[in-house]
Amino acid sequence: MTEKIGRRGFLMIAAAGAAGVAGLQLVRKADASEGVQGEHQWAMVIDQNKCTGCGYCVMVCRAHNDISPEITWNPVLAAGRVGDKDVYLPRPCMQCAKAPCVDVCMVGANYYRPDGIVMMDYNRCIGCRYCEVACPYGARSFNWKEFDGANPAVPEWGEPEVDRRPRGVPEKCSFCYQRIDRGLALGLKPGVDREATPACVGACPTRARLFGDLNDPHSEVSVILKEHPSYRLREDLGTGPRVYYLPVDSEA
Amino acid sequence: MNIALMKTFITSAWGKWVILLSIFLALGATAGLYILTQGLAATNLTDLVPWGLWIAIDLSSIAIAGGAFFLCAGVYLLGLKKYEPVARTATFVGLAGYTMAMLALMLDIGRPDRFWHALIYWNKHSLLWEVTMCVMLYLTVLLLEVIPTLSSFEWLRTRYPWLASRLENVHHIAPYLAIAGLCLSMLHQSSLGAVYGVLKSRPIWYRPDVAVLFIMSAVAAGMALTVFASMLSARLTSRAVIKDELLERVAYFIGWIMVGYLYFRFWDALSMNYTYQAGRTEGLAILTSGVLSFNFWFLEILLGAVVPIILLLNKKTRMMPAVRMLALALIVAGVVTYRWDTNLVGQLVMVSYLPGELAVSYTSYRPALIEWLAGMGIIAYGLMLFSVGVRYLRVVDHTIYEEAHVTVAKQAPTHGQTVPTQP
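Residues numbered from 1 in each chain as written. Chains lettered and ligands numbered in written order. Predicted model: local features only at pLDDT ≥ 70, side-chain atom pairs only at ≥ 80, totals over all residues.

(A) Quick peek at the overall build of chain A. Counting its regular elements, chain A contains seven helices and nine strands. Counting over 252 residues, chain A shows a buried share of 45%. (Helix = DSSP H or I, 4+ residues; strand = E, 2+ residues; numbered from the N terminus. Buried ≥ 20, exposed ≤ 12 C-beta atoms within 10 Å, placed from the backbone.)

Here it is as structure tokens:
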């Protein structure tokens with residue numbers, strides 16, 4: 001009693017097979033979405049014991065990245081008090097290992113660099129603002145209007161190193177990738193040599209910010225993260241931020 | 001054009017309607033041009049609420065266009081042939097809806113000059129990419145589905161009968177188009193909800209239910225608008241010819257779809273009510289007792305679902321055309337409100353990322369005048385397209401397929417006082 005597979009049965013099997021293959025492809029792709037792990041894995045450590053909320057980092061950031069005075073890539077937020085001390089929390093882009101903005105961007109204008117920096121292609125972006133809605137850290141600012149005219153932070157706080165973004169695209173902190181890339185090309189070491197390190201790190205008068213390579217076990221960030229308790233923002237979301245905070249030590 | 005003809009046009013009901021819509025179109029076009037040249041700074045959108053009225057119009061236009069794929073699937077795949085003229089109306093409504101959505105999106109994106117990037121740069125992970133692809137392809141399907149309708153244009157039939165018959169012949173691929181339309185619509189109507197449903201940063205959105213609710217409400221609202229518009233057209237003009245028994249059956253079916261939709265919404269809302277989660281609990285509170293509570297309880301649930309379900313499932317009320325039309329209009333209004341509320345509520349609540357217990361803060365949004373003007377322009381465009389369709393393309397004509405399969409050449413113009421005589 002050899003039962004023949006009818007046309008309907010064949011179609012059902014074919015459809016199930018196709019769906020299965022498509023599903024597997026999706027799962028594989030989802031795995032691969034974390035991006036290539038490159039030679040360097042940049043990370044920033046912010047010591048809340050040392051941050052005084054002076055806002056120098058905000059200003060150098062505006063100058064070096066040529067940001068409108070109405071936009072802040074790296075705000076310094078008041079985060080309560082411990083004892084009689086005000087606590088601050090500077091918030092750059094977290095450069096997430098699993099960044100919601102990269103996942104949701106329909107044109108792929110957000111992408112991972114091999115060194116972990118979440119980059120934004122301002123020439124590809126169509127300005128739909130899905131990334132802005134998706135970011136749990138509010139790290140993105142939209143260019144609602146054209147930023148034309150002089151940048152009030154220049155030259156007092158530094159000179160622009162990147163192109164100004166046009167109207168109609170969102171922008172965000174990029175760990176000053178331009179300084180890292182130029183520095184590496186000159187044989188400098190990001191995190192050690194100021195010229196090769198994000199502007200905010202170099203400008204901090206209390207050295208509350210550290211920067212370096214997590215792949216290098218001897219880098220300042222690797223060492224300090226091993227020795228001190230640290231936390232990241234909204235770790236429960238699983239975004240894997242590359243910005244670490246050293247909490248205020250209440251005994252100090 | 002002579003003055004007498006002009007006068008007849010202006011004093012006719014059709015003329016007044018066209019003039020009214022043209023005023024809104026002109027205002028909308030002006031507002032749209034202002035936005036395109038001056039940028040989005042003129043809106044009330046902010047970094048905290050970056051998606052506003054236009055996105056709500058975009059979502060609503062696609063939802064009310066959802067009747068097309070469903071009715072076409074019924075007619076061409078399930079073989080419910082007698083509903084073919086209703087599917088014809090739904091397809092035209094669909095075309096109006098999808099092009100309205102395109103207009104809204106072109107206004108809303110920051111770089112409309114780069115809209116084509118969506119076609120060449122693909123991020124297959126993005127729900128919005130999937131929606132864009134499906135919408136583009138489905139718009140193509142809709143255009144093909146509408147082509148046979150264009151052959152009803154009296155002037156075309158008289159002047160270029162060979163072209164009209166060619167256009168009419170596209171009708172033969174309707175079943176294939178119905179399959180494509182069904183697949184594409186099932187994908188993007190639900191993914192449009194999933195665009196919100198996958199955002200972990202917004203707990204009130206972050207639930208799989210949104211996708212299911214979006215497609216169910218789109219099917220109901222799409223068919224409701226189709227039936228409502230057909231009935232209204234038949235009351236206003238003799239160019240629209242309906243068979244009430246067809247529309248009555250569809251309306252009854254819509255009533256049952258709404259029962260399913262209400263059922264899912266009930267469990268969706270109920271399950272959100274338990275176990276405190278920062279952002280979700282507050283978002284639900286905005287809907288049930290906050291600024292959106294009137295929208296939620298009255299427009300979405302009571303008037304948008306419960307009342308029309310009763311009116312449509314109860315035979316006595318369903319048989320009264322005016323009551324049936326009211327019920328259908330309430331469904332459309334309820335679903336549009338649902339889109340507006342869904343889009344807004346996730347942006348009104350912000351979950352803090354500061355360490356410690358997750359705190360919540362609130363934002364607000366009220367569309368600016370320019371957003372209203374441009375939005376009303378888009379709606380006026382949709383109404384204009386449909387009105388022209390009813391008047392010149394027999395979009396609402398339930399007798400069309402009875403005389404059908406009569407070739408173009410044989411058929412004499414039935415109503416066409418303005419048809420130019422051939423030389």
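Here the narrative resumes, following the displayed structure.
(B) Representation of the overall build of chain B. Within chain B, the secondary structure is distributed over 17 helices and two strands. For 423 residues, the compact-globule estimate of 2.2 N^0.38 gives 22 Å, and chain B sits close to it at 23 Å. Taken over the C-alpha atoms alone, chain B extends approximately 85 × 50 × 45 Å along its principal axes. When each of the 423 residues of chain B is scored for burial, the buried share is 48%. Sequence separation of 24 or more characterises 77% of the internal contacts of chain B that already satisfy a separation of 6 or more. (Rg over C-alpha atoms; globule rule 2.2 N^0.38 Å. Contact = placed C-beta atoms within 7 Å.)

(C) The arrangement of the interface of chain B and chain A in detail. Taken residue by residue, the interface counts 28 residues in chain B and 37 residues in chain A. Secondary-structure elements contributing two or more residues to the side of chain B that touches chain A are α6 (117-120) and α7 (127-150) of chain B. Ranked by residue count, the leading element in the side of chain B that touches chain A is α7 of chain B, at three residues.

(D) Region of interest: the packing of helix α11 (residues 209-236) of chain B against helix α16 (residues 321-348) of chain B. All names here are of chain B. Closest axis-to-axis distance for the α11/α16 pair is 8 Å, and the angle between their directions is 145 degrees. The crossing of α11 and α16 is left-handed. Between α11 and α16, the contacting residues are Val-210, Ser-217, Ala-220, Ala-221, Ala-224, Leu-225, Val-227, Phe-228, Met-231 and Leu-232 on the first element and Pro-321, Met-325, Leu-328, Ala-329, Ile-331, Val-332, Val-335, Tyr-338 and Thr-342 on the second. Residues belonging to the contact of α11 with α16 are distributed by class as follows: 17 nonpolar, two polar and no charged. (Axes fitted to C-alpha atoms, helices over the stretch in contact; angles between N-to-C directions. Left-handed = near helix turned anticlockwise from the far one by under 90°. Nonpolar A, V, L, I, M, F, W, Y, C, P; charged D, E, K, R; others polar.)

(E) Focus on the packing of helix α10 (residues 174-197) of chain B against α11 of chain B. Residue and element names in this part refer to chain B. Contact geometry for α10 and α11: axes closest at 7 Å, N-to-C directions at 135 degrees. By the angle between their directions, the pair α10 and α11 is classed as oblique. Relative to α11, α10 is oriented so that their crossing is right-handed. Contact residues: Met-186, Gln-189, Ser-190, Ser-191, Leu-192, Gly-193, Ala-194, Tyr-196 and Gly-197 in α10; Val-210, Ala-211, Val-212, Leu-213, Phe-214, Ile-215 and Ala-218 in α11. Its residues assigned to classes, the contact of α10 with α11 comprises 11 nonpolar, five polar and no charged. (Parallel < 35°, antiparallel > 145°, perpendicular 65-115°, else oblique.)

(F) Local environment of the pairing of strand β1 (residues 42-47) of chain A. Residue and element names in this part refer to chain A. Within β1, six of the six residues are buried, leaving the element largely enclosed by the surrounding structure. Because side chains alternate across β1, one face comprises the buried residues Trp-42, Met-44 and Ile-46, and the other comprises Ala-43, Val-45 and Asp-47, equally buried. Pairing analysis gives five bridges linking β1 to strand β8 (residues 209-213), with the strands arranged antiparallel. Across the sheet, residue Trp-42 finds its bridge partner in β8, namely Asp-213. (Pairing = 2+ DSSP bridges.)

(G) Highlighting the sheet that holds β1 of chain A. Residue and element names in this part refer to chain A. Strand order in the open sheet formed by three strands is β8-β1-β9, and the pairing between neighbours is mixed. The open sheet has two edge strands with one neighbour each: β8 and β9 (243-246). Averaged over all pairs of adjacent strands, the angle between strand axes in this sheet comes to 20 degrees, irrespective of strand direction. Here helix α7 (residues 220-227) sits on the sheet and contacts β1, β8 and β9; the angle it forms with β8, its principal contact strand, is near 110 degrees.

(H) Seen up close, the environment of Gly-389 of chain B. Residues and elements named next belong to chain B. Position of Gly-389 among the secondary structure elements: in helix α17 (residues 369-392). Among the residues examined, Gly-389 registers 25 C-beta atoms within 10 Å and is labelled buried. Sequence separation between Gly-389 and Leu-150 is 239 residues; the distance between their C-alpha atoms is 8.8 Å.

(I) Here's a closer look at helix α14 (residues 293-313) of chain B. Residue and element names in this part refer to chain B. Of all the bends found along α14, the most pronounced is centred on Leu-302 and spans about 40 degrees. The complete set of buried residues in α14 reads Phe-296, Leu-299, Glu-300, Ile-301, Gly-304, Ala-305, Pro-308, Ile-309, Leu-311 and Leu-312. Where α14 is buried, its residues meet α12 (244-272), α13 (280-288), α15 (315-319) and α16. (Bend = angle between axes of the 7 residues up to and from the residue.)

(J) Summary view of the nonpolar core. All names here are of chain B. Ala-220, Ala-224 and Ile-331 are the most contacted members of the largest nonpolar core, which totals 186 residues. Counting residues per element, this core draws most heavily on α11, at 18 residues. Sequence-distant contacts of Ala-220, that is, excluding residues within four places in its chain, are made with Ile-254, Ile-257, Met-258, Tyr-261, Ile-331 and Val-335. (Core = buried A, V, L, I, M, F, W, Y, C linked by C-beta atoms within 7 Å.)

(K) Structural detail: unusual backbone geometry. All names here are of chain A. In the segment running from Val-154 into Pro-155, the intervening peptide bond is cis, with an omega of 5 degrees. You can see Pro-155 is positioned in the loop between β6 (141-142) and β7 (170-171). Of note, the phi angle at Cys-176 is positive, near 45 degrees, even though the residue is not glycine. Along the chain, Cys-176 falls in the loop between β7 and α5 (177-185). Despite not being glycine, Arg-207 shows a phi value in the positive range, around 55 degrees. As for its position among the elements, Arg-207 is in the loop between α6 (199-203) and β8.

(L) Representation of helix α2 (residues 56-64) of chain A within the structure. Residue and element names in this part refer to chain A. Within α2, seven of the nine residues are buried, which leaves it mostly tucked inside the rest of the structure. Of the residues making up α2, those classed as buried are Cys-57, Met-59, Val-60, Cys-61, Arg-62, Ala-63 and His-64. Contact partners of the buried residues in α2: β2 (76-82), β3 (85-90) and α6. Where α2 ends, the next residue or the one after it, Asp-66, has phi of about 50 degrees, a positive value.

(M) The environment of Val-323 of chain B, seen in detail. With respect to the element layout, Val-323 of chain B can be found in helix α16. With near-sequence residues (within four places) excluded, Val-323 of chain B lies in contact with Leu-311 and Thr-317 of chain B.

(N) The arrangement of the confidence of the model for chain B in detail. Residues and elements named next belong to chain B. Across chain B, pLDDT averages 91, with 95% of residues at or above 70. Note on residues 406-423: pLDDT is under 50 here. Beyond four places in sequence and across chains, it has 20 contacts. Among the scores for the predicted complex, ipTM is 0.88 and pTM is 0.89. (pLDDT = per-residue confidence, 0-100.)

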